[in-house]
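Understanding the architecture of this molecule
Okay, here's what each chain looks like letter by letter:
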Amino acid sequence: MILVTGATGAVGREVVGLLAAAGPVRILARRPERVTVRGPEVDVVAGEYGDRESLDKALRGIDAVFLVTNSPTDPDDERVSAAAAAAGVRHLVKLSMMAVEEPGADDFITRLQRVNEQAVRDSGVPWTFVRSRTLMSNTLSWARGIASDGVVRALYGGSPVACVDPRDVAAVAVAALTGTGHEGRTYAVSGPEAITAREQTAHLSALLGRPLRFEELPLDRAREALLAKYPRPVAEAFLESAERQRAGAKAAVVPTVEELTGRPARTYRAWAADHAESFGAVGRAGQQPTGGTGSG
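Presented here is a report on the structure given in the accompanying data block. (Residues numbered from 1 in each chain as written. Predicted model: local features only at pLDDT ≥ 70, side-chain atom pairs only at ≥ 80, totals over all residues. Heavy atoms only, no water.)

1. As for the packing of helix α2 (residues 52–59) against helix α3 (residues 76–87)
Interaxial distance between α2 and α3 falls to 10 Å at its minimum, and their mutual angle equals 50 degrees. As far as their axial angle goes, α3 and α2 are oblique. Every pair of crossing elements has a handedness; the one defined by α2 and α3 is right-handed. Residues Arg52, Leu55, Asp56 and Leu59 of α2 pack against Arg79, Val80, Ala82, Ala83, Ala84, Ala86 and Ala87 of α3. By residue class, the composition of the contact of α2 with α3 is eight nonpolar, no polar and three charged. (Axes fitted to C-alpha atoms, helices over the stretch in contact; angles between N-to-C directions. Helix = DSSP H or I, 4+ residues; strand = E, 2+ residues; numbered from the N terminus. Parallel < 35°, antiparallel > 145°, perpendicular 65-115°, else oblique. Left-handed = near helix turned anticlockwise from the far one by under 90°. Contact = heavy atoms within 4.5 Å. Nonpolar A, V, L, I, M, F, W, Y, C, P; charged D, E, K, R; others polar.)

2. Structural notes on the pattern of salt bridges
The full count for this structure, using the stated rule, is 23 salt bridges. With a shortest N-O distance of 3.0 Å, Asp76 and Arg79 are connected by a salt bridge. Separated by three residues within a single helix, Asp76 and Arg79 lie in helix α3, roughly one turn from each other. With relative accessibility at 7%, the residue Asp76 sits in the buried group. Arg79 sits in the partly exposed class, given a relative accessible area of 31%. (Salt bridge = Lys/Arg side-chain N within 4 Å of Asp/Glu carboxyl O. Buried < 20%, exposed > 50% of the residue type's maximum accessible area, 1.4 Å probe, protein only.)

3. Some words on the side chain of Arg26
Within the secondary structure, Arg26 is located in strand β2 (residues 25–29). Apart from residues no more than four positions distant in its own chain, Arg26 is found in contact with Met1, Ile2, Leu3, Val4, Asp43, Val45, Lys57, Ala58, Leu59, Arg60 and Ile62.

4. So, the packing of helix α1 (residues 12–20) against helix α6 (residues 166–178)
At a minimum axis distance of 8 Å, the contact between α1 and α6 shows a crossing angle of 50 degrees. The angle between α1 and α6 falls in the class oblique. Between α1 and α6 lies a crossing of right-handed hand. Only Pro166, Arg167, Ala170, Ala171, Ala173, Val174, Leu177 and Thr178 of α6 make contact with α1, whose side of the interface consists of Glu14, Val15, Leu18 and Leu19. Its residues assigned to classes, the contact of α1 with α6 comprises nine nonpolar, one polar and two charged.

5. Description of unusual backbone geometry
The backbone phi angle of Tyr156 is positive, close to 50 degrees, even though this residue is not glycine. Judged by its relative accessible area of 11%, Tyr156 is buried.

Written out as structure tokens, the structure reads:
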């Protein structure tokens, strides 16, 4: 039995889907009503990381855990890994970020993830770290601007990133959760090509069959928009990450997806083709699809 946390996120929901197709899976969810993958093989336990009783309940009889955390203040990795150790869990696979292994990355989020990885190591539970580059699904945040006036607004339209399909990150995680010999390993996961925001905009324009314009945000407007959504340390971390991307630090492609799954990583165009309706649905539904953010 495998426990999945973060099951309502871009990667977690894909992990659940893959595992449920092969056998039973358990989900720990703070808001169970938001879990979209359901079925006879899916057991949803209500709870949260700060509630040790619900953690212990969710971990009962569990062999492996897929761990996703995102709090900038709570020691959630320490909480889960300590409870997992007490429950006799044999393997903990943590979703992390490629920036952790890059010496030039020293923003708040990256430092936090390094601390979180160390907490997992210190727990004594055999671990695997799946370190993802920026998710392609982050561009779903452009959907409102595309629907309203055909404009994509973002920082540094010419900076490349080897962004990755959440489904490919999930496939790597599931390979680690269900296979052998992955303990103590770290897997950097990227897409198959480095692509810029301007190029992504052009792909979306072709797929949607309508002209789209890219508008590069000034730094002050980007900072203002981030501060409206996130605490200042998190907002500044995203801006530092954007500067690293502009310098080319996120352009490297790694072959991990093909090595662990036997197939190439999906391109941005392939991901966008599968999600084109999400970009067009905003105007009809009046709501913006959820697409996570991360400094990657």
